[in-house]
Amino acid sequence: MPTSASPADRLLVALDVPSLDEADALLGRLDGIITGCKIGSQLFTAAGPAAIETARKRGFRVFLDLKYHDIPNTVGAAVRQATRLGVFMLNVHASGGLAMARAAAEAAAKAAGDFAIPRPLCLGVTVLTSLDRRALQREVGVPMSVESHVLHLASLAREAGLDGCVASAQEISPLRVAMGPRWVIVTPGIRFEAGAAVGSPRADDQVRIATPRRALVAGADYLVVGRPVSAAKDPAAAAAAIVAELATP
Ligand code: C5P
């Protein structure tokens, strides 16, 4: 994404709601404030492709966050279908390996050609923002620091032909240095300053968090924000406040 992209284009609000009606209502409130949204497992499982169609009809670009992680053939086939649905960005778990990530990148390019539509950006999920070093080592069994593992998975994603990665704010700077300016970095785990310290209720289940401004300054292309907007009393005001924060010179 060009560095000149507007703040309104950089904020992707996660439609983490249980029904199409609720997603549509949230989109209605965000209309005119942001241009993109993220559809993940909850809404897609509840409503299917209609969720994407609803968002696109309202003029929103859709990041389909289904984090595919399966054998290469299955992931490639799923990416083909996601591409056909017209999403502008999708993701796979980079930890699924080189062949799997390559199948995703190739399927997106082929489907875009076959259906004469733009190829979606394909990202590799690195280490979930809900994991810290202890959980990564003890539970997932990866004997590395989070940063080293994120950098390792990002390199693998690039070798496979993916366009970028999903990573927490803490890894944005080292990723930018290692991967260069054209690598797309998408960062979830965004929280406002007040009450957002790790372990506070405002952090929810996220442990590697940052404010919108800090993530942007560190070099993120897109910020994914869920509960700070969707669970706010006034989601439109919350989204507008983030956009305003991003626009502050
Ligand atoms: O509510 P919250 O702001 O924590 O939502 C973050 C969103 O980003 C959720 O939809 C979550 O699934 C997604 N996400 C994440 N960490 C990743 C990839 C996606 O939190 N590594």
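These lines cover the structure that appears in this document, whether it is placed above or below. For every chain, the first residue of the written sequence is number 1, and numbering continues from 1 along that sequence. With pLDDT at 70 or above as the cut-off, local features in this predicted model cover only qualifying residues; side-chain atom pairs require 80 or more to be listed or tallied, and sums for whole chains, interfaces and linings still use all residues. Values shown for side chains rest on all heavy atoms present in the structure; no hydrogens or waters enter the calculation.

### With respect to the pairing of strand β8 (residues 222-225)
(1) Moving on: Alternating residues of β8 divide into Tyr222 and Val224 and Leu223 and Val225, and every residue in both groups is buried.
(2) Moving on: Whether two strands pair comes down to DSSP finding at least two bridges between them. For helices the rule is a DSSP run of H or I covering at least 4 residues; for strands it is a run of E covering at least 2, with both sets numbered from the N terminus onward. With three bridges connecting them, strand β1 (residues 11-14) and β8 associate as parallel partners. Paired with Val13 across the bridge in β8 is Val225.
(3) Moving on: Relative to β8, strand β7 (residues 184-187) is paired through two bridges, and the arrangement is parallel. Residue Thr187 lies in a different strand from β8, and its bridge partner there is Leu223. Accessibility here uses a 1.4 Å probe with only protein chains present; expressed as a share of the type maximum, an area under 20% marks a residue as buried, one over 50% as exposed, and anything in between as partly exposed.

### Remarks on helix α12 (residues 235-247)
(1) Moving on: To estimate the expected span of a helix, count its residues, drop one, and scale the result by 1.5 Å. The end-to-end C-alpha separation of α12 is 18 Å, in line with the 18 Å expected for 13 residues at 1.5 Å each.
(2) Moving on: Along α12, the residues that are buried comprise Pro235, Ala236, Ala238, Ala239, Ile242, Val243 and Leu246. Projected down its long axis, α12 shows its buried positions confined to an angular sector of 165°, all on one face. The reported arc concerns the directions from the helix axis to the C-beta atoms and nothing else.

### Regarding the site of the ligand
(1) Moving on: Residues in contact with the ligand amount to 16 residues; listed here are only the nearest, Asp16, Lys38, Thr129, Arg191 and Arg227.
(2) Moving on: Contacts described as polar in this section are N or O atom pairs within 3.5 Å, which, within protein, must combine one atom able to donate a hydrogen with one able to accept it, while residues neighboring in sequence count only if both atoms come from side chains. Gly226 is positioned such that a nitrogen or oxygen atom in its backbone is 2.8 Å from an oxygen atom of the ligand.
(3) Moving on: In this structure, Arg227 approaches the ligand through a main-chain N or O atom, which is 2.7 Å from an oxygen atom.
(4) Moving on: Method for areas: the Shrake-Rupley scheme with a 1.4 Å probe, in which residue coverage is limited to the protein chains shown. Calculation on the ligand without its partners gives an accessible area of 470 Å², and the protein chains cover 88% of this total.
(5) Moving on: The definitions used throughout rest on a 1 Å grid laid over the protein atoms alone, on which a cavity is an enclosed set of points accommodating a 1.4 Å probe that cannot get out and a pocket is an open set flanked by protein within 12 Å on both sides along at least five of seven lines; lining residues are those having an atom within 4 Å of a point. A molecule is said to be in a cavity or pocket once over half of its atoms fall within 2 Å of that pocket's grid points. Mapping the ligand onto the cavity grids shows that it belongs to the largest pocket.
(6) Moving on: At the level of elements, β3 (61-68), β8 and α11 (227-230) are the ones that each hand at least two residues to the shell around the ligand. Nearness of a residue to a molecule or strand requires only that one of the residue's heavy atoms be within 4 Å of it.

### Some thoughts on the pattern of salt bridges
(1) Moving on: Think of a salt bridge as a Lys or Arg side-chain nitrogen and an Asp or Glu carboxyl oxygen that are within 4 Å of each other. All told, the structure shown has twelve salt bridges when counted by the stated rule.
(2) Moving on: Across the pair Arg58 and Asp24 runs a salt bridge whose closest N-O atoms are separated by 2.7 Å. Of this pair, Arg58 sits in the loop between α4 (49-57) and β3 while Asp24 sits in helix α2 (residues 20-30); the two residues are 34 residues apart in sequence, bridging distant segments of the chain.
(3) Moving on: What makes Arg58 partly exposed here is its relative accessible area of 31%.
(4) Moving on: A residue is classified by how much of its surface remains accessible, and Asp24, at 27% relative accessible area, is partly exposed.

These figures come from the coordinates and say nothing about function on their own.
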